Amino acid sequence: MSESKFITGIDMRDVKRIVALKMELSPEGGLIEIGGENAAGKTSLLDFIESTFASIPKSIKRPVREGAETGGGVITVPPYEVHRWWGADRKPQLKVKRI
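Everything numeric in this text was worked out from a predicted model, so none of it was measured. (Residues numbered from 1 in each chain as written. Predicted model: local features only at pLDDT ≥ 70, side-chain atom pairs only at ≥ 80, totals over all residues. Heavy atoms only, no water.)

We now examine the sheet that holds strand β4 (residues 80–86). Strand order across the open sheet formed by five strands is β2-β1-β3-β4-β5, with antiparallel pairing between neighbours. Since the sheet does not close on itself, it has two edges, and those belong to β2 (18–24) and β5 (92–98), each with one partner. Strand-to-strand twist across the sheet, computed as the mean angle between neighbouring axes with direction ignored, equals 10 degrees. Note that strand β1 (residues 9–15) and β2 share six bridges and pair antiparallel. Bridge assignment links G9 to a residue of β2, and that residue is E24. (Pairing = 2+ DSSP bridges. Helix = DSSP H or I, 4+ residues; strand = E, 2+ residues; numbered from the N terminus. Axes fitted to C-alpha atoms, helices over the stretch in contact; angles between N-to-C directions.)

Rendered as structure tokens:
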């Protein structure tokens, strides 16, 4: 039986509506509530998570926040860090690093 994996950290900048977000989460897992006003960035966070892990990522129309050159971030799922970012050309890039 495989061991369960949980996201223990999210650090992202200039993705859709989010200027900057850093979250540290419990490695034991649990329920996380994502709430806020309209246009607060809830969907931006979920789109970033999905685009990082999906084998065929959802096409995000404007992944980089308006006014920013690049955007992206890191999601930590021990023993890995998954880096997803979009350059000035808006093409997605992905890198997985063992930590």
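Bringing the side chain of S44 into the picture now. Here S44 is to be found in helix α1 (residues 42–53). Looking at S44, the relative accessible area reads 3%, which means it is buried. Looking at S44, its side chain comes within polar contact range of the main-chain nitrogen of R17, at 3.2 Å. Aside from chain neighbours lying at most four places away, what touches S44 is M12, V15, K16, R17 and I18. (Buried < 20%, exposed > 50% of the residue type's maximum accessible area, 1.4 Å probe, protein only. Polar contact = N/O pair within 3.5 Å; in protein donor to acceptor, adjacent residues only side chain to side chain. Contact = heavy atoms within 4.5 Å.)

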